[in-house]
Amino acid sequence: MTRILVIGATGQVGTELVPFLRKIYGRDNVIAGYYPVKPEKGPLLEGPMEYVDVTKVESIESAIKKYNVDEVYNLAAILSATGEKNPQLAWQVNMVGLYNVLELAREYRLRVFWPSSIAVFGPTTPKIKTPQHAVIEPITMYGITKYAGELIARYYVYKYDLDVRGVRWPGIISSEALPGGGTTDYAVEIFYYAVEGKPYTCYLREDTELPMIYMPDALKSVVDLMKADKSKLKLFVGYNVAAFSFTPKQLEEEIRKYIPNLKVDYKPDFRQKIADSWPRSIDDSVAREEWGWKPDWTFEAMVKDMLVKIARKLGREIHVD
Ligand code: SER
């Protein structure tokens, strides 16, 4: 049976990926690697948990040995906005962390999942339907580490015949854990303000279009890619995937269909420059061809589902039908 260690399990993706993987692989076969403190509640506690600091080889290695792990999903990352406040930390976590995982994968012959991001793209990249292979000159430390990470991960695939796989996620919208320190976080935060009847101040301009994906599709991309026939894969890491694109104004208007008194104002900050350097939409045809990627969720369906889930979480009532 496959034994999986998820590093960065307490983050936005890990919080939902761990329970999702436990349903597929069995509760005891998915170890939630937490950092820095063990959560006191939530679904991660329903199975094995272990302290894992991705920047320390010994910390990862001891979890691998203790649980006889054969796959590592490395989700630990400092996102784009936090990375600009502390680029050195972003390098340590994103780059050194990935290198540590790859070296251990080489030694213990582990399969690896590691996500990249649309942040690999920069101002010189074509913005509409950005192709898989485009000009890639990122301007954030996050984007730089993600692109360097793609190159080194693919190097390990071909140099050491390792099975390392990954996607380039766009902004991820989710109802369980909040994202931390990204440029696309507004698209989650706004739902909490809307449901609580509070005015929201968006830190991006209202016409800033960005590619996004709903968490159920992001989770599906992980499992579909990890289960894909290896002989069909050429890229292995950094597959463009996307579901839909929208601007803050379009999101505001869609939410207002259900919460008519929602008030939003726009005060762009330093994150505007980051958002302006990223694509507006993504061409994910390579992922579709190599491993059959296809999202299920539309923008409109995501907004309804988010409102229902956030309202339930906050103990509020909402009607979306
Ligand atoms: N959601 C990420 C960020 O905004 C992009 O990968 O940093």
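By convention here, each chain's residues receive numbers from 1 onward along its written sequence. Where totals are concerned, whole chains, interfaces and linings use all residues; where local detail is concerned, this predicted model gives features only for residues with pLDDT of at least 70, and gives and counts side-chain atom pairs only at 80 or more. Water and hydrogen atoms were dropped before computing side-chain values, which therefore reflect all heavy atoms in the structure.

A.B. asks: Residue-level account of the sheet that holds strand β12 (residues 239-240), with values.
C.D. replies: Strands qualify as paired when DSSP identifies two bridges or more between them. Elements are defined by DSSP. Helices are runs of H or I of four residues or more, strands are runs of E of two residues or more, and each kind is numbered from the N terminus. Within the open sheet, the three strands sit side by side as β6-β8-β12. Their pairing is parallel. Either end of the sheet is taken by a strand with one partner, and the two such strands are β6 (116-117) and β12. Of the strand pairs in this sheet, β6 and strand β8 (residues 167-169) are connected by two bridges, and their pairing is parallel. When the sheet's bridge partners are listed, S117 is paired in β8 with W169.

A.B. asks: Mind laying out the site of the ligand, listing which residues take part and the relevant values?
C.D. replies: Working definition: residue near molecule or strand if any one of its non-hydrogen atoms lies within 4 Å of it. For the ligand, the full set of nearby residues is L79, S80, S117, Y142, G182, T183, T184 and W278. Under the rule applied, a polar contact is a pair of N or O atoms within 3.5 Å (in protein, one hydrogen donor and one hydrogen acceptor; residues adjacent in sequence only if both atoms are side-chain atoms). In the model, an oxygen atom of the ligand is placed 3.1 Å from a nitrogen or oxygen of the Y142 side chain. For the ligand, a nitrogen atom lies 2.8 Å from a polar atom in the side chain of T184. Each accessible area value is a Shrake-Rupley result obtained with a 1.4 Å probe; residue values ignore everything except the protein chains displayed when judging cover. Out of a free accessible area of 230 Å², the ligand has 93% covered by protein chains. By residue class, the composition of the shell around the ligand is three nonpolar, five polar and no charged. Amino acids are sorted into nonpolar (Ala, Val, Leu, Ile, Met, Phe, Trp, Tyr, Cys and Pro), charged (Asp, Glu, Lys and Arg) and polar (every other residue, Gly among them).

A.B. asks: So, the sheet that holds strand β9 (residues 171-173): which residues are in play, and what are the values?
C.D. replies: Strand order in this open sheet of three strands is β9-β11-β13, and the pairing throughout is mixed. For this open sheet the edge positions go to β9 and β13 (244-246), each flanked by a neighbour on one side alone. Across the sheet, the mean angle separating the axes of adjacent strands is 45° when strand polarity is ignored. Judged from the three bridges that link them, strand β11 (residues 210-214) and β13 form a sheet pairing that is antiparallel. Note on β13: the bridge partner recorded for L210 is F246. Contacts are residue-level and defined by heavy atoms, with any inter-residue pair within 4.5 Å sufficient. For helices, the fitted axis covers only the stretch in contact; all axes are lines through C-alpha atoms, and the angles between them, taken along N-to-C directions, range from 0 to 180 degrees. The strands touched by helix α7 (residues 215-227) within the sheet are β9 and β11, with β11 carrying the most contacts at an inclination of about 80°.

A.B. asks: Explain the packing of aromatic side chains to me, and be specific about the residues and the numbers.
C.D. replies: Aromatic rings from Phe, Tyr and Trp, taking only the six-membered ring of Trp, are treated as a pair when their centres fall within 6.5 Å; an angle between ring planes under 30 degrees marks them as stacked, one over 60 as edge-to-face, and anything in between as tilted. Under the definition given, this model contains 15 aromatic pairs. Measuring from ring centre to ring centre gives 5.9 Å for Y158 and F236, while their planes differ by 90°; the resulting arrangement is edge-to-face. Placement of Y158 in helix α5 (residues 141-160) and of F236 in the loop between α7 and β12 is noted, with a sequence separation of 78 residues between them. The buried label goes to any residue with under 20% of its type's maximum accessible area, the exposed label to any with over 50%, and the partly exposed label to all in between, with areas taken from a 1.4 Å probe on protein chains only. Look at Y158 and you get exposed, because its relative accessible area is 53%. Taken together, the ring pairs connect Y34, Y35 and Y51 into an aromatic cluster. Here R106 stacks its cationic end above the ring of Y160, 5.1 Å away from the centre of that ring. A ring has a charge above it when a Lys NZ or an Arg CZ is no more than 6 Å from the ring centre and no more than 35 degrees off the ring normal. A cation over an aromatic ring shows up here: K198 above the ring of Y193, its NZ or CZ 5.4 Å from the ring centre.

A.B. asks: Go over unusual backbone geometry, please, and point to the residues and values.
C.D. replies: In this structure, P36 follows Y35 across a cis peptide bond, with omega equal to -5°. With respect to the helices, strands and loops of the structure, P36 is situated in the loop between β2 (30-34) and β3 (49-51). For R109, which is not a glycine, the phi torsion comes out positive at approximately 55°. By the element assignment, R109 lies in the loop between α4 (87-108) and β5 (111-113). In this structure R109 comes out as partly exposed when scored by relative accessible area, which is 47%.

A.B. asks: Just give me the short version of the packing of α4 against α5, but keep the residues and values in it.
C.D. replies: In contact at an axis separation of 9 Å, α4 and α5 are set at 10° when each is read in the N-to-C sense. Here α5 runs roughly parallel to α4, going by the angle between their axes. Residues P87, A90, W91, N94, M95, L98, Y99, L102, E103 and R106 of α4 form the contact with α5, whose participating residues are M141, Y142, T145, A148, G149, I152, A153, Y156 and Y160. Of the residues in the contact of α4 with α5, the class split is 14 nonpolar, three polar and two charged. In these notes the angle categories are as follows: under 35 degrees is roughly parallel, over 145 is roughly antiparallel, 65 to 115 is roughly perpendicular, and the rest is oblique.

A.B. asks: Go over the environment of E290 with me, naming the residues and quoting the values.
C.D. replies: Secondary-structure assignment places E290 in helix α10 (residues 285-291). For E290, a relative accessible area of 12% corresponds to the buried category. Along the chain, E290 and A77 lie 213 residues apart, while their C-alpha atoms are 26 Å from each other. Apart from residues no more than four positions distant in its own chain, E290 is found in contact with K232, L233, K234, L235 and Y239.

A.B. asks: So what's going on with helix α1 (residues 14-25)? Which residues, and what values?
C.D. replies: A helix is expected to reach a length of 1.5 Å times the quantity of its residues less one. The end-to-end C-alpha distance of α1 is 15 Å, a good match for the 16 Å that twelve residues give at a rise of 1.5 Å each. Among all positions of α1, only G14, T15, E16, L17, V18, L21, R22 and Y25 are buried. Downstream of α1 by one or two residues, G26 has phi in the positive range, about 100°.

The quantities given are spatial measurements derived from coordinates; they are silent on function.
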